[in-house]
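The chain contents come next:
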Number of protein chains: 2
Amino acid sequence: MYNPHMDNELKGRWMRLQQALQRAGGDALLVTSNVNLYYLSGRIFSGMALLLPEGAPLFFVRRPVELHGDTVIYIRKPEEMLTALAERGIALPTHPLLELDAISYTEYQRYAKLFATGTPIGNGSPVLREVRTFKSVYEVGMLLRSGALHTEVYQKIPALFTPGMTDLDLSIEIERELRRHGSLGIFRIFGQSMEIFMGSLLAGDNADTPSPYDFAMGGGGLNASLPVGSNGTPLQEGMSVMVDMGGNFTGYMTDMTRVFSVGQLPDLALKAHDTALTIQERVQQMAAPGAPVADLYRVALEIAQQAELAPYFMGHRQQAGFVGHGIGLEINEAPVLAPRSKEQLAAGMVFALEPKFVLPGVGAVGVENSFLVTDTGVEKLTLCEEKILPLGKA
Amino acid sequence: MYNPHMDNELKGRWMRLQQALQRAGGDALLVTSNVNLYYLSGRIFSGMALLLPEGAPLFFVRRPVELHGDTVIYIRKPEEMLTALAERGIALPTHPLLELDAISYTEYQRYAKLFATGTPIGNGSPVLREVRTFKSVYEVGMLLRSGALHTEVYQKIPALFTPGMTDLDLSIEIERELRRHGSLGIFRIFGQSMEIFMGSLLAGDNADTPSPYDFAMGGGGLNASLPVGSNGTPLQEGMSVMVDMGGNFTGYMTDMTRVFSVGQLPDLALKAHDTALTIQERVQQMAAPGAPVADLYRVALEIAQQAELAPYFMGHRQQAGFVGHGIGLEINEAPVLAPRSKEQLAAGMVFALEPKFVLPGVGAVGVENSFLVTDTGVEKLTLCEEKILPLGKA
């Protein structure tokens, strides 16, 4: 409705959603969350989108003023949707799907009342989640652009360090570089419980502070109201510094982690880092359409066990139960590379793989990259030196 | 459960919530959102809190590991709450309240199943919202600390400017200073539709770009996935630069806006800015316990009308329908200073007042401050020069 150059891209999304809607037995998908309104329209607006079995969605817009398009209908409240449908001779759906995993109970009740009594309301969240799992060429392009800018910033990290800095000082300089390269700053996360600023930088034992969130790594943060990431630790000789900042330059986010060192790290840390790289290599070899994602996790864990590093794998005092996750408009899309996941990889999926270890007295080591599943295997979207690099100007 | 020095503060919150729970006819309040878990416990964790009519809440914790306290109970899934209650000889509530404005429909269903069939589930969101409206001395202290740091950063703004900068360049330098002064970066916003990075900086006509969000001001942003704030406008002679960045240094957020200029602004802009200051002064005089907040809005609008500036008041191409809002842990708390609001001011409320004008060809002018309602009037929490200051080193 707003980005004419996105016409074909949007039509493709609507078509794939319409096919999924049909498979789910629905005759309408009512979209109400920001991220999915963006997915359907190519821009953020306040309102909702009603996707019917055929044609372009109807965009019911509250704000901003001045949007244009054949199917843009301005409304003040959801109830006006009914009048608009009647005016266009469109029958009220009898099997509508709503975003039940995202919409609040109160909002749900308001929307549900619009439909006839007894109309069964289905869950559109898994439908949207599934369709969004498969990235189009346009979306892969956005992820590649994010990845390239992400890399440009990471390459500057060693030179951003000056002796005497804390983890927070260094994080702030990286945040600034991300913004100067076009980072939008925000991070979209599915679900209501996880909150984070631009990402995390973890130095020394702060990496071992358990997180309240389902993130791979923790960190105490600056305040009990946001206990994640840097906590003011002075960067000192023998510490690892793990940088895991979001690459949100385009709405589509790449996920990439690199590790830096202050001086020399102990042998165990170097061994653990090499083990993470081995895990990445092995998973990369196995990762192709048809590969069960649970197997990818299992292989990763086995390599950690063989190296006798299992107690440090994906955390130490608290361990995360996954080694990777889908990415896209949100940082935690499907599939999740975890022992009980049922999904198989398929062409068009994009996921982050993040084998990491937390070593008491040293900090976190390991690597994270974003990968596209192709017809025959995977391609890395985040290309940047993976060795542990010393902080400080070369 | 975690901050022993907050014991009395937390007990006061529980007591006020228990009184409100009783007024609402409930016998339990099940809290599931981050912001309210923080309010009840003094820290963020993953899980839920169950407040019964008496005593400390039960904290059902999934993550992080290693929390301690008499009423901390580790669980893996919500269903284990039932066993824990039975073990402690606590009967299942018969009139529970859930956060229906925040919890997703899917989550709601899971929690609702825990209670006996037919148990009426009430809405705890308004109860929490109402109690949180009245700040304790501890909370006022947090807001004062945020306000003081917020001011320190704003005082540096003129010196952060160098000729040739864009709005984004300047915004990035202010963001960095905020972080260096301890800003946590994130912004908590009630409801699911509004998203923003650290705040907004609006220069020239970008201030007139309509927003998809219910914010006072707009701005096109960098990308259709986050259309708010700076858009890369070069800062040029005759432009106003409005800085409205969040003051989240403590979890409690102050809201403050100041306007800067590049060179000289036209007379209409100076007049509009003076009118905003007059509105602030008049509202400040009227604002005291018992004052209907709708009256405060009406007076603000009347002054704008008398000055023949109504077409520019709170926006131009798109106008916001309020002139202020409660603040605290979230940026949009009660009360809202809008024509249809029913609330009256009461001692302990904290609100932001933001009379602003958007002038085509110039940009936005006006002021925003955070105020505490005392027994006799209001006290400003954000003390900082309110004149339009020229950008550039003095």
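Above: the structure in question.
Residues numbered from 1 in each chain as written. Chains lettered and ligands numbered in written order. Predicted model: local features only at pLDDT ≥ 70, side-chain atom pairs only at ≥ 80, totals over all residues. Heavy atoms only, no water.

A. Seen up close, the interface of chain A and chain B. In this complex, chain A contributes 60 residues to the contact, which on the side of chain B involves 60 residues. Between chain A and chain B, a total of about 4900 Å² is buried, with carbon and sulfur atoms accounting for 53% of that surface. Together, Y105(A), R179(A) and F197(A) form the three largest contributors to the area buried by chain A at its contact with chain B, with a combined 14%. Viewed at the interface, chain B and chain A are joined by 12 salt bridges. A salt bridge links E195(B) to R188(A); its shortest N-O distance comes to 2.7 Å. Counting the contacts that link chain A with chain B gives 30 residue pairs in polar contact (both at pLDDT 80 or more). Residue assignment for the side of chain A that touches chain B shows that the elements contributing at least two residues are α2 (34-41), α4 (105-112) and α7 (167-180) of chain A. For the side of chain A that touches chain B, the leading source of residues is α7(A), giving nine residues. Residues that form the side of chain A that touches chain B fall into these classes: 26 nonpolar, 19 polar and 15 charged. (Contact = heavy atoms within 4.5 Å. Buried area = accessible area lost by both parts, 1.4 Å probe. Salt bridge = Lys/Arg side-chain N within 4 Å of Asp/Glu carboxyl O. Polar contact = N/O pair within 3.5 Å; in protein donor to acceptor, adjacent residues only side chain to side chain. Helix = DSSP H or I, 4+ residues; strand = E, 2+ residues; numbered from the N terminus. Nonpolar A, V, L, I, M, F, W, Y, C, P; charged D, E, K, R; others polar.)

B. Highlighting the pairing of strand β8 (residues 240-248) of chain A. Residue and element names in this part refer to chain A. The buried fraction of β8 is high, at nine of nine residues. In the sheet, strand β7 (residues 199-203) pairs with β8 via five bridges, with the strands oriented antiparallel. Pairing of G199 across the sheet is with M245, part of β8. One ladder, built from four bridges, connects β8 with strand β10 (residues 258-261); its direction is antiparallel. Of the residues in β10, the one forming a bridge with V241 is F260. Linking two consecutive strands that pair antiparallel, namely β8 and strand β9 (residues 253-255), is a turn of four residues; a positive phi of about 90 degrees is found at G251 within it. (Buried < 20%, exposed > 50% of the residue type's maximum accessible area, 1.4 Å probe, protein only. Pairing = 2+ DSSP bridges.)

C. Molecular detail of the environment of L353(B). All names here are of chain B. With respect to the secondary-structure elements, L353 resides in strand β13 (residues 350-353). Distance from L353 to G89, taken between C-alpha atoms, is 49 Å for residues 264 residues apart in sequence. Apart from the residues within four sequence positions on either side, L353 is in contact with Q280, V283, V323, G324, L337, V367, E368, N369 and F371.

D. Looking closely at the sheet that holds strand β1 (residues 28-31) of chain A. All names here are of chain A. Read across the open sheet, the six strands follow the order β4-β3-β2-β1-β5-β6; overall the sheet is mixed. One side of each edge strand has no neighbouring strand; the edge strands of this open sheet are β4 (72-74) and β6 (122-123). Strand direction decides the pairing type here: strand β5 (residues 96-98) and β6, joined by two bridges, are parallel. Looking at β6, one finds that L98 is bridged to N123. Relative to strand β2 (residues 46-51), helix α1 (residues 7-23) is tilted by about 65 degrees, and along the sheet it contacts β1, β2, β3 (58-63) and β5. (Axes fitted to C-alpha atoms, helices over the stretch in contact; angles between N-to-C directions.)

E. Structural context of the relation of the copies chain A and chain B. Of the transformation placing chain A onto chain B, the axial shift is 0.0 Å and the rotation is 180 degrees, giving an RMSD of 0.0 Å. Between the two chains, the operation in question is that of a two-fold axis. The fraction of interface residues of chain A whose copies in chain B are also interface residues reaches 100%, indicating that both copies meet through the same surface. (Least-squares fit on C-alpha atoms with pLDDT ≥ 70 in both.)

F. Representation of the sheet that holds strand β3 (residues 58-63) of chain B within the structure. All names here are of chain B. If you walk across this open sheet you meet the six strands as β4-β3-β2-β1-β5-β6, and the pairing is mixed. The sheet is open, and its two borders are formed by β4 (72-74) and β6 (122-123), each paired with just one other strand. In this sheet, strand β2 (residues 46-51) lies alongside strand β1 (residues 28-31) in antiparallel orientation, the contact comprising three bridges. Looking at the pairing, L30 lines up with L50 of β2. Where helix α2 (residues 34-41) meets the sheet, its contacts fall on β1, β2 and β3, and the angle it forms with β2 comes to roughly 55 degrees.

G. Quick peek at the pattern of salt bridges. All names here are of chain B. The tally for this structure, following the rule as stated, stands at 38 salt bridges over all chains. We note a salt bridge from R23 to E130, for which the minimum N-O separation is 3.5 Å. Placement of R23 in helix α1 (residues 7-23) and of E130 in helix α5 (residues 125-133) is noted, with a sequence separation of 107 residues between them. According to the relative accessible area criterion, R23 is exposed, its value standing at 57%. Classification of E130 as partly exposed rests on a relative accessible area of 38%. A salt bridge links E79 to R110, with the shortest nitrogen-to-oxygen separation between them at 2.9 Å. Taken together, the residues span a long stretch of sequence, with E79 in the loop between β4 and α3 (80-87) and R110 in helix α4 (residues 105-112) at a distance of 31 residues. For E79, a relative accessible area of 30% gives the class partly exposed. A relative accessible area of 40% means that R110 is categorised as partly exposed.

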